[in-house]
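# Close look at the chain arrangement
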Amino acid sequence: MSINAKHLATFILGAAAGVAAHKYLQTEEGEKLLEDLKTKASDLKAEAEGAVDKAPEYFQELKTKGSEALKSNFPDAEKFLKDLIDKFTSGATTAGTTTESGDVASVTPSAQ
């Protein structure tokens, strides 16, 4: 890859921005800005650590409330899901089972 004028200009502008930022951060105003950034970063870190500690409790509560909401709004959902799982797990071992209406539910090749 060759260096062209665009790459050289980008490098020079980046270096100039770095020098300017360094000079600004050496002033009293720049030091105050750095101190504010450090304070905000430590606050954010503490908040994130607190959220990590609370996450298991939050997800357990979400699971409980979701389960209760599902049971109250769809009382037959648990039975339906159990029947569906049983149908698929028992249907995988038999070839050509029929449903209540007489249709073939699934045809799986048997292992020989």
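Residues numbered from 1 in each chain as written. Predicted model: local features only at pLDDT ≥ 70, side-chain atom pairs only at ≥ 80, totals over all residues. Heavy atoms only, no water.

In terms of helices and strands, the chain carries three helices and two strands. Split into buried and exposed, the 112 residues of the chain put 3% on the buried side. Total accessible area on the chain stands at roughly 10,200 Å², and carbon and sulfur atoms take up 63% of it. (Helix = DSSP H or I, 4+ residues; strand = E, 2+ residues; numbered from the N terminus. Buried < 20%, exposed > 50% of the residue type's maximum accessible area, 1.4 Å probe, protein only. Areas by Shrake-Rupley, 256 points an atom, 1.4 Å probe, with all protein chains shown as cover.)

Before going further, it helps to examine a nonpolar patch on the surface. A grouping of Ile 3, Leu 8, Phe 11 and Ile 12 is seen on the molecular surface, where their side chains present a nonpolar patch of about 470 Å² in accessible area. Here Ile 3 is to be found in the segment before helix 1 (5–25). Relative accessible area serves as the criterion here: at 73%, Ile 3 is assigned to the exposed category. (Patch = residues over 30% accessible without salt bridge, like charges linked within 9 Å, V, L, I, M, F, W, Y side chains within 5 Å. Salt bridge = Lys/Arg side-chain N within 4 Å of Asp/Glu carboxyl O.)

Following the criterion strictly, the structure yields two salt bridges and no others. Between Lys 65 and Glu 61 there is a salt bridge; the shortest N-O distance is 2.9 Å. A residue pair is termed a helical-turn pair when its members lie 3 or 4 positions apart in one helix, as Lys 65 and Glu 61 do in helix 2 (residues 28–73) at four residues. Relative accessible area serves as the criterion here: at 42%, Glu 61 is assigned to the partly exposed category. Put simply, Lys 79 and Asp 83 hold a salt bridge, and the shortest N to O gap is 2.9 Å. With a gap of four residues between them, Lys 79 and Asp 83 both fall in helix 3 (residues 77–91), about one helical turn apart.

Another point: the packing of aromatic side chains. All told, the structure shown has one aromatic pair when counted by the stated rule. Summarising the aromatic geometry, the rings of Tyr 58 and Phe 59 are spaced 5.4 Å apart at their centres and angled 70 degrees between planes, so their arrangement reads as edge-to-face. By relative accessible area, which is 52% here, Phe 59 ends up exposed. (Phe/Tyr/Trp six-rings, centres within 6.5 Å; stacked < 30°, edge-to-face > 60°.)

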